[in-house]
Amino acid sequence: MKKIIKEINKLRKDRNAIILAHNYQLPEVQDVADYRGDSLELSRIAASTSASVVVFCGVHFMAETASILCPDKKVLIPDARAGCPMANMITPEDLIELKARHPKAVTVGYVNTSAAVKAELDICCTSTNAVDLILKLKHKDEIIFIPDKYLADYVSKKTGRRLISWDGYCPTHVKILPEDIIRQIRAHPQAKVLVHPECTPEVILLADEVLSTGKMYKYVKDSSAKEFIIGTEVGIIYRLKCDNPSKSFYPASELAVCPNMKKINLEKVLWSLEDLKEEVKVPEDIRKKAIRPIEKMLSM
Ligand code: 13P
Ligand code: SF4
(Lines give C-alpha, C1' and ligand atoms only; values in the text may rest on other atoms or scores of the structure.)
(Ligands and ions follow the chains in the order given, each with its own letter.)
Protein backbone atom coordinates (compact mmCIF):
# COMPACT_ATOMS: atom_id res chain seq x y z
CA MET A 1 0.00 0.00 0.00
CA LYS A 2 1.23 3.51 -0.80
CA LYS A 3 2.82 5.32 2.18
CA ILE A 4 0.38 8.22 1.94
CA ILE A 5 -2.63 5.91 2.13
CA LYS A 6 -1.17 4.20 5.21
CA GLU A 7 -0.74 7.61 6.84
CA ILE A 8 -4.31 8.61 5.95
CA ASN A 9 -5.63 5.33 7.37
CA LYS A 10 -3.70 5.77 10.62
CA LEU A 11 -4.90 9.35 11.11
CA ARG A 12 -8.46 8.46 10.12
CA LYS A 13 -8.46 5.97 13.02
CA ASP A 14 -6.64 8.19 15.54
CA ARG A 15 -8.93 11.13 14.85
CA ASN A 16 -12.15 9.06 14.65
CA ALA A 17 -12.71 10.55 11.19
CA ILE A 18 -14.69 9.55 8.14
CA ILE A 19 -13.85 10.58 4.61
CA LEU A 20 -16.78 11.35 2.29
CA ALA A 21 -16.23 11.77 -1.46
CA HIS A 22 -18.64 13.10 -4.05
CA ASN A 23 -19.04 11.01 -7.21
CA TYR A 24 -17.03 13.60 -9.21
CA GLN A 25 -13.88 13.40 -7.08
CA LEU A 26 -10.52 12.20 -8.48
CA PRO A 27 -10.14 8.38 -8.51
CA GLU A 28 -7.44 8.45 -5.80
CA VAL A 29 -9.79 10.36 -3.50
CA GLN A 30 -12.78 8.10 -4.25
CA ASP A 31 -10.56 5.09 -3.45
CA VAL A 32 -9.60 6.37 -0.01
CA ALA A 33 -13.13 7.45 0.98
CA ASP A 34 -15.31 5.61 3.48
CA TYR A 35 -18.37 6.59 1.45
CA ARG A 36 -18.95 7.88 -2.06
CA GLY A 37 -22.23 9.37 -3.19
CA ASP A 38 -24.34 12.26 -4.42
CA SER A 39 -25.19 15.40 -2.45
CA LEU A 40 -28.23 13.87 -0.77
CA GLU A 41 -26.54 10.59 0.15
CA LEU A 42 -23.50 12.35 1.60
CA SER A 43 -25.69 14.77 3.63
CA ARG A 44 -27.57 11.82 5.09
CA ILE A 45 -24.32 10.05 6.02
CA ALA A 46 -22.93 13.24 7.61
CA ALA A 47 -26.16 13.68 9.58
CA SER A 48 -26.02 10.16 11.03
CA THR A 49 -22.31 9.47 11.55
CA SER A 50 -20.82 8.88 14.99
CA ALA A 51 -17.37 10.02 13.79
CA SER A 52 -15.91 13.14 15.43
CA VAL A 53 -14.32 14.47 12.23
CA VAL A 54 -15.85 14.53 8.74
CA VAL A 55 -13.41 15.11 5.88
CA PHE A 56 -15.65 16.27 3.05
CA CYS A 57 -14.14 15.79 -0.40
CA GLY A 58 -16.50 17.75 -2.59
CA VAL A 59 -17.28 21.44 -3.01
CA HIS A 60 -17.82 24.04 -0.31
CA PHE A 61 -21.65 24.02 -0.14
CA MET A 62 -21.58 20.26 0.48
CA ALA A 63 -19.20 20.59 3.44
CA GLU A 64 -21.26 23.53 4.69
CA THR A 65 -24.42 21.40 4.57
CA ALA A 66 -22.65 18.71 6.61
CA SER A 67 -21.50 21.35 9.10
CA ILE A 68 -25.06 22.73 9.41
CA LEU A 69 -26.32 19.23 10.18
CA CYS A 70 -23.50 18.32 12.60
CA PRO A 71 -22.51 21.44 14.55
CA ASP A 72 -20.69 19.35 17.19
CA LYS A 73 -18.43 17.64 14.68
CA LYS A 74 -15.38 19.03 12.99
CA VAL A 75 -16.20 19.26 9.28
CA LEU A 76 -13.12 19.72 7.12
CA ILE A 77 -12.68 20.45 3.43
CA PRO A 78 -9.19 19.56 2.14
CA ASP A 79 -9.14 22.59 -0.18
CA ALA A 80 -11.20 25.58 0.93
CA ARG A 81 -11.04 27.07 -2.59
CA ALA A 82 -13.23 24.27 -3.97
CA GLY A 83 -16.42 26.26 -4.52
CA CYS A 84 -19.42 25.74 -6.77
CA PRO A 85 -19.85 28.57 -9.30
CA MET A 86 -23.57 27.82 -9.56
CA ALA A 87 -23.99 28.27 -5.80
CA ASN A 88 -22.28 31.66 -6.11
CA MET A 89 -24.79 32.84 -8.74
CA ILE A 90 -27.34 33.88 -6.10
CA THR A 91 -26.79 35.90 -2.93
CA PRO A 92 -29.08 36.12 0.12
CA GLU A 93 -29.90 39.70 -0.93
CA ASP A 94 -30.97 38.49 -4.40
CA LEU A 95 -33.27 35.92 -2.84
CA ILE A 96 -34.76 38.37 -0.33
CA GLU A 97 -35.59 40.69 -3.21
CA LEU A 98 -37.12 37.85 -5.28
CA LYS A 99 -39.23 36.77 -2.29
CA ALA A 100 -40.42 40.36 -1.81
CA ARG A 101 -41.69 40.33 -5.41
CA HIS A 102 -43.58 37.05 -4.75
CA PRO A 103 -44.62 37.30 -1.10
CA LYS A 104 -47.04 34.35 -1.25
CA ALA A 105 -44.59 31.94 -2.91
CA VAL A 106 -43.01 28.97 -1.17
CA THR A 107 -39.23 29.09 -1.67
CA VAL A 108 -37.44 25.94 -2.78
CA GLY A 109 -33.69 25.98 -3.20
CA TYR A 110 -31.22 23.54 -4.64
CA VAL A 111 -28.67 22.27 -2.13
CA ASN A 112 -26.09 23.97 -4.41
CA THR A 113 -26.47 27.24 -2.48
CA SER A 114 -24.57 28.94 0.35
CA ALA A 115 -25.68 28.57 3.98
CA ALA A 116 -26.76 32.23 3.97
CA VAL A 117 -29.06 31.55 0.99
CA LYS A 118 -30.39 28.36 2.63
CA ALA A 119 -31.29 30.48 5.66
CA GLU A 120 -33.84 32.25 3.40
CA LEU A 121 -35.42 29.06 2.00
CA ASP A 122 -38.53 27.15 3.01
CA ILE A 123 -37.35 23.82 1.60
CA CYS A 124 -34.11 22.53 0.21
CA CYS A 125 -33.85 19.93 -2.56
CA THR A 126 -31.25 17.97 -4.49
CA SER A 127 -31.39 16.64 -8.03
CA THR A 128 -32.47 13.28 -6.57
CA ASN A 129 -35.65 14.54 -4.93
CA ALA A 130 -36.56 17.83 -6.70
CA VAL A 131 -39.40 16.39 -8.81
CA ASP A 132 -41.02 14.48 -5.91
CA LEU A 133 -40.72 17.47 -3.66
CA ILE A 134 -42.43 19.87 -6.09
CA LEU A 135 -45.21 17.30 -6.64
CA LYS A 136 -45.80 17.34 -2.87
CA LEU A 137 -46.35 21.12 -2.97
CA LYS A 138 -49.58 20.83 -4.98
CA HIS A 139 -51.51 22.98 -2.49
CA LYS A 140 -49.09 25.91 -3.05
CA ASP A 141 -50.05 28.42 -5.75
CA GLU A 142 -46.63 29.96 -6.34
CA ILE A 143 -43.22 28.30 -6.11
CA ILE A 144 -39.83 29.99 -6.29
CA PHE A 145 -37.13 27.55 -7.40
CA ILE A 146 -33.48 28.70 -7.28
CA PRO A 147 -30.71 28.92 -8.51
CA ASP A 148 -30.50 26.46 -11.45
CA LYS A 149 -32.71 27.53 -14.38
CA TYR A 150 -32.17 24.22 -16.18
CA LEU A 151 -33.07 22.06 -13.18
CA ALA A 152 -36.11 24.35 -12.74
CA ASP A 153 -37.09 23.85 -16.40
CA TYR A 154 -36.75 20.07 -16.12
CA VAL A 155 -38.73 19.91 -12.86
CA SER A 156 -41.38 22.22 -14.26
CA LYS A 157 -41.86 19.99 -17.34
CA LYS A 158 -41.97 16.81 -15.23
CA THR A 159 -44.47 18.18 -12.72
CA GLY A 160 -46.53 20.51 -14.92
CA ARG A 161 -45.92 23.30 -12.38
CA ARG A 162 -44.84 26.82 -13.33
CA LEU A 163 -41.78 27.72 -11.30
CA ILE A 164 -40.35 31.18 -10.63
CA SER A 165 -36.71 30.50 -11.45
CA TRP A 166 -33.34 32.26 -11.26
CA ASP A 167 -30.73 32.74 -13.97
CA GLY A 168 -28.23 30.27 -12.46
CA TYR A 169 -26.64 27.29 -14.21
CA CYS A 170 -23.73 24.88 -13.93
CA PRO A 171 -20.78 25.99 -16.08
CA THR A 172 -19.64 22.36 -16.37
CA HIS A 173 -22.94 20.81 -17.48
CA VAL A 174 -23.61 23.50 -20.10
CA LYS A 175 -20.44 22.31 -21.87
CA ILE A 176 -22.36 19.17 -22.88
CA LEU A 177 -23.96 20.01 -26.23
CA PRO A 178 -26.79 18.25 -28.10
CA GLU A 179 -24.34 17.52 -30.95
CA ASP A 180 -22.08 15.66 -28.47
CA ILE A 181 -24.96 13.37 -27.54
CA ILE A 182 -25.95 12.87 -31.20
CA ARG A 183 -22.34 11.99 -32.12
CA GLN A 184 -22.12 9.45 -29.28
CA ILE A 185 -25.50 7.91 -30.17
CA ARG A 186 -24.26 7.44 -33.77
CA ALA A 187 -21.06 5.80 -32.49
CA HIS A 188 -22.85 3.64 -29.88
CA PRO A 189 -26.42 3.06 -31.07
CA GLN A 190 -27.15 0.44 -28.39
CA ALA A 191 -26.08 2.69 -25.50
CA LYS A 192 -28.53 4.18 -23.00
CA VAL A 193 -28.21 7.96 -22.74
CA LEU A 194 -28.11 9.10 -19.09
CA VAL A 195 -27.89 12.82 -18.34
CA HIS A 196 -27.93 15.00 -15.23
CA PRO A 197 -30.84 17.46 -14.81
CA GLU A 198 -28.32 20.34 -14.72
CA CYS A 199 -27.90 19.81 -18.49
CA THR A 200 -29.62 22.15 -20.95
CA PRO A 201 -33.19 21.33 -22.11
CA GLU A 202 -31.85 20.52 -25.61
CA VAL A 203 -29.57 17.83 -24.14
CA ILE A 204 -32.29 16.53 -21.81
CA LEU A 205 -34.59 16.03 -24.84
CA LEU A 206 -32.10 13.51 -26.26
CA ALA A 207 -31.76 11.45 -23.05
CA ASP A 208 -33.27 8.08 -22.15
CA GLU A 209 -33.03 8.95 -18.46
CA VAL A 210 -32.45 12.16 -16.48
CA LEU A 211 -30.81 11.28 -13.17
CA SER A 212 -28.83 12.68 -10.24
CA THR A 213 -25.37 11.13 -9.88
CA GLY A 214 -26.61 8.76 -7.15
CA LYS A 215 -29.58 7.64 -9.24
CA MET A 216 -27.31 7.26 -12.29
CA TYR A 217 -25.08 4.91 -10.30
CA LYS A 218 -28.07 2.79 -9.22
CA TYR A 219 -29.60 2.80 -12.70
CA VAL A 220 -26.39 1.44 -14.26
CA LYS A 221 -26.06 -1.29 -11.58
CA ASP A 222 -29.64 -2.48 -12.08
CA SER A 223 -29.77 -2.14 -15.88
CA SER A 224 -29.37 -5.06 -18.26
CA ALA A 225 -27.91 -2.65 -20.85
CA LYS A 226 -24.19 -3.00 -21.55
CA GLU A 227 -23.33 0.48 -22.83
CA PHE A 228 -24.03 3.94 -21.46
CA ILE A 229 -23.46 7.49 -22.69
CA ILE A 230 -22.84 9.58 -19.59
CA GLY A 231 -24.04 13.18 -19.70
CA THR A 232 -22.58 14.58 -16.52
CA GLU A 233 -19.21 15.48 -14.99
CA VAL A 234 -16.71 12.88 -16.21
CA GLY A 235 -15.47 11.96 -12.69
CA ILE A 236 -18.42 9.63 -12.11
CA ILE A 237 -17.21 7.30 -14.88
CA TYR A 238 -14.41 5.99 -12.65
CA ARG A 239 -16.92 4.76 -10.04
CA LEU A 240 -19.23 3.36 -12.72
CA LYS A 241 -16.37 1.41 -14.33
CA CYS A 242 -15.01 0.09 -11.00
CA ASP A 243 -18.35 -1.34 -9.93
CA ASN A 244 -19.56 -2.49 -13.38
CA PRO A 245 -16.48 -3.96 -15.09
CA SER A 246 -18.49 -5.74 -17.80
CA LYS A 247 -20.24 -2.53 -18.94
CA SER A 248 -18.91 0.28 -21.16
CA PHE A 249 -19.19 4.01 -20.52
CA TYR A 250 -18.75 6.88 -22.96
CA PRO A 251 -18.57 10.48 -21.70
CA ALA A 252 -21.03 12.70 -23.59
CA SER A 253 -18.28 15.33 -23.59
CA GLU A 254 -14.69 15.18 -22.33
CA LEU A 255 -15.10 18.92 -21.60
CA ALA A 256 -17.54 18.25 -18.77
CA VAL A 257 -14.93 18.62 -16.03
CA CYS A 258 -15.69 20.55 -12.84
CA PRO A 259 -12.32 22.16 -11.95
CA ASN A 260 -13.43 22.72 -8.37
CA MET A 261 -14.18 19.04 -7.83
CA LYS A 262 -10.60 18.28 -8.97
CA LYS A 263 -8.90 20.59 -6.45
CA ILE A 264 -8.74 17.87 -3.78
CA ASN A 265 -6.07 15.17 -3.97
CA LEU A 266 -4.55 12.59 -1.60
CA GLU A 267 -1.91 14.97 -0.22
CA LYS A 268 -4.59 17.49 0.70
CA VAL A 269 -6.69 14.78 2.39
CA LEU A 270 -3.64 13.83 4.47
CA TRP A 271 -2.84 17.47 5.40
CA SER A 272 -6.46 17.99 6.31
CA LEU A 273 -6.32 15.08 8.77
CA GLU A 274 -2.91 16.13 10.12
CA ASP A 275 -3.75 19.78 10.79
CA LEU A 276 -7.56 19.44 11.13
CA LYS A 277 -7.98 22.06 8.37
CA GLU A 278 -9.81 23.75 6.66
CA GLU A 279 -12.69 23.70 9.10
CA VAL A 280 -16.07 24.66 7.62
CA LYS A 281 -18.18 26.37 10.25
CA VAL A 282 -21.40 28.30 9.75
CA PRO A 283 -22.21 31.19 12.15
CA GLU A 284 -24.81 29.94 14.64
CA ASP A 285 -27.53 32.48 13.72
CA ILE A 286 -27.35 31.42 10.05
CA ARG A 287 -26.99 27.73 10.89
CA LYS A 288 -30.18 27.76 12.99
CA LYS A 289 -32.15 29.15 10.03
CA ALA A 290 -30.38 27.11 7.32
CA ILE A 291 -30.98 23.78 9.08
CA ARG A 292 -34.78 24.12 8.77
CA PRO A 293 -35.07 23.74 4.96
CA ILE A 294 -32.48 20.92 5.01
CA GLU A 295 -34.29 18.99 7.76
CA LYS A 296 -37.58 19.54 5.97
CA MET A 297 -36.07 17.98 2.85
CA LEU A 298 -34.59 15.04 4.79
CA SER A 299 -37.95 14.41 6.48
CA MET A 300 -39.85 14.50 3.16
P1 13P B 1 -25.70 15.26 -7.40
O2 13P B 1 -26.51 15.54 -6.18
O3 13P B 1 -26.49 14.62 -8.49
O4 13P B 1 -24.47 14.48 -7.06
O5 13P B 1 -25.26 16.65 -8.02
C6 13P B 1 -24.40 17.53 -7.40
C7 13P B 1 -23.79 18.43 -8.35
O8 13P B 1 -23.14 19.40 -7.99
C9 13P B 1 -23.96 18.16 -9.76
O10 13P B 1 -23.22 19.02 -10.50
FE1 SF4 C 1 -21.22 23.12 -9.08
FE2 SF4 C 1 -21.47 22.25 -11.57
FE3 SF4 C 1 -19.29 21.65 -10.20
FE4 SF4 C 1 -21.67 20.53 -9.59
S5 SF4 C 1 -20.47 20.28 -11.45
S6 SF4 C 1 -20.19 21.38 -8.17
S7 SF4 C 1 -23.05 22.27 -9.99
S8 SF4 C 1 -19.97 23.71 -10.82
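An unreviewed UniProt entry annotates the protein chain as Quinolinate synthase originating from Candidatus Ghiorseimicrobium undicola. Of the protein chain, the UniProt comment under Sequence similarities (unreviewed entry) reads exactly: "Belongs to the quinolinate synthase family. Type 2 subfamily." In the Pathway (unreviewed entry) part of its UniProt record, the protein chain is described as follows: "Cofactor biosynthesis; NAD(+) biosynthesis; quinolinate from iminoaspartate: step 1/1."

**With respect to the site of ligand 1**
Taken together, His-22, Tyr-24, Asp-38, Ser-39, Asn-112, Ser-127, His-173, His-196, Glu-198, Ser-212 and Thr-213 form the complete shell of residues around ligand 1. In the environment of ligand 1, an oxygen atom lies 2.8 Å from a nitrogen or oxygen atom belonging to the side chain of His-196. Here Glu-198 contributes a side-chain N or O atom positioned 2.8 Å from an oxygen atom of ligand 1. Protein chains bury 96% of the 300 Å² of accessible surface belonging to ligand 1 in isolation. Most atoms of ligand 1, that is more than half of them, are within 2 Å of grid points of the largest pocket.

**Describing the site of ligand 2**
All residues in the neighbourhood of ligand 2 are listed as Tyr-24, Val-59, Cys-84, Pro-85, Asn-112, Cys-170, Glu-198, Cys-258 and Met-261. Assessed atom by atom at 2 Å from the grid points, ligand 2 resides in the largest pocket. For the shell around ligand 2, the per-class residue count stands at seven nonpolar, one polar and one charged.

**Overview of helix H8 (residues 149–159)**
Residues of H8 that are buried include every one of Tyr-150, Leu-151, Ala-152, Tyr-154, Val-155 and Thr-159, and no others. Against the buried residues of H8 lie strand S5 (106–110), helix H7 (130–135), strand S7 (143–146), strand S8 (164–165), helix H10 (201–204) and strand S10 (209–210). The positive-phi residue at the C-terminal boundary of H8 is Gly-160, with phi of around 75 degrees.

**Thoughts on the packing of helix H1 (residues 3–14) against helix H13 (residues 266–275)**
As a packed pair, H1 and H13 sit with axes 10 Å apart at the nearest point and diverge in direction by 30 degrees. Taken together, the axes of H1 and H13 lie roughly parallel to each other. Crossing of H1 against H13: the hand is left-handed. Across the interface between the two elements, Ile-4, Ile-5, Glu-7, Ile-8, Leu-11 and Arg-12 from H1 touch Leu-266, Glu-267, Val-269, Leu-270, Leu-273 and Glu-274 from H13.

**A few points about the side chain of His-196**
Relative to the elements of secondary structure, His-196 occurs in the loop between strand S9 (192–195) and H10. Those residues in contact with His-196, other than ones at most four positions away along the chain, are Tyr-24, Tyr-110, Ser-127, His-173, Ile-204, Val-210, Leu-211, Ser-212, Thr-213, Met-216, Gly-231 and Thr-232.

**What about the packing of aromatic side chains?**
Within the structure shown, the criterion is met by one aromatic pair. For the pair Phe-228 and Phe-249, a centre-to-centre distance of 5.5 Å together with 15 degrees between the ring planes defines the contact as stacked. Here Phe-249 lies in strand S12 (residues 248–251) and Phe-228 lies in strand S11 (residues 227–231), a separation of 21 residues in the sequence. For the residue pair Phe-228 and Phe-249, the accessibility class agrees, reading buried in each case. Here Arg-239 stacks its cationic end above the ring of Tyr-217, 3.7 Å away from the centre of that ring.

**Let's talk about the layout of surface pockets**
Where empty space is left in the structure can be found by rolling a water-sized probe over the atoms. Reported here for the largest pocket is a volume of approximately 300 Å³. Taken together, 30 residues form the lining of the largest pocket, with Tyr-24, Asn-112, His-173, Glu-198 and Met-261 sitting closest to its centre. At the level of secondary structure, the elements contributing two or more residues to the lining of the largest pocket comprise helix H3 (39–48) and helix H4 (60–69). A per-class count over the lining of the largest pocket returns 14 nonpolar, 12 polar and four charged.

**Details of empty space enclosed by the protein**
For the structure shown, the criterion picks out one cavity of 30 Å³ or more. Taken as a whole, the largest cavity spans an internal volume of roughly 30 Å³. In terms of lining residues, the largest cavity is bounded by Ser-39, Ser-43, Phe-61, Met-62, Thr-65 and Val-111. Among the secondary structure elements, those contributing two or more residues to the lining of the largest cavity are H3 and H4. Its residues assigned to classes, the lining of the largest cavity comprises three nonpolar, three polar and no charged.

Parameters at a glance
Residues numbered from 1 in each chain as written. Chains lettered and ligands numbered in written order. Predicted model: local features only at pLDDT ≥ 70, side-chain atom pairs only at ≥ 80, totals over all residues. Heavy atoms only, no water. UniProt positions renumbered as here; feature names shortened; annotations may be inferred. Near = heavy atom within 4 Å. Polar contact = N/O pair within 3.5 Å; in protein donor to acceptor, adjacent residues only side chain to side chain. Areas by Shrake-Rupley, 256 points an atom, 1.4 Å probe, with all protein chains shown as cover. 1 Å grid on protein atoms, 1.4 Å probe; cavity = no way out; pocket = protein on both sides within 12 Å on 5 of 7 lines; lining within 4 Å. Sits in = over half its atoms within 2 Å of the grid points. Nonpolar A, V, L, I, M, F, W, Y, C, P; charged D, E, K, R; others polar. Buried < 20%, exposed > 50% of the residue type's maximum accessible area, 1.4 Å probe, protein only. Helix = DSSP H or I, 4+ residues; strand = E, 2+ residues; numbered from the N terminus. Contact = heavy atoms within 4.5 Å. Axes fitted to C-alpha atoms, helices over the stretch in contact; angles between N-to-C directions. Parallel < 35°, antiparallel > 145°, perpendicular 65-115°, else oblique. Left-handed = near helix turned anticlockwise from the far one by under 90°. Phe/Tyr/Trp six-rings, centres within 6.5 Å; stacked < 30°, edge-to-face > 60°. Lys NZ or Arg CZ within 6 Å of the ring centre and 35° of its normal. Points joined across faces, edges and corners; volume = space filled by probe spheres on them.

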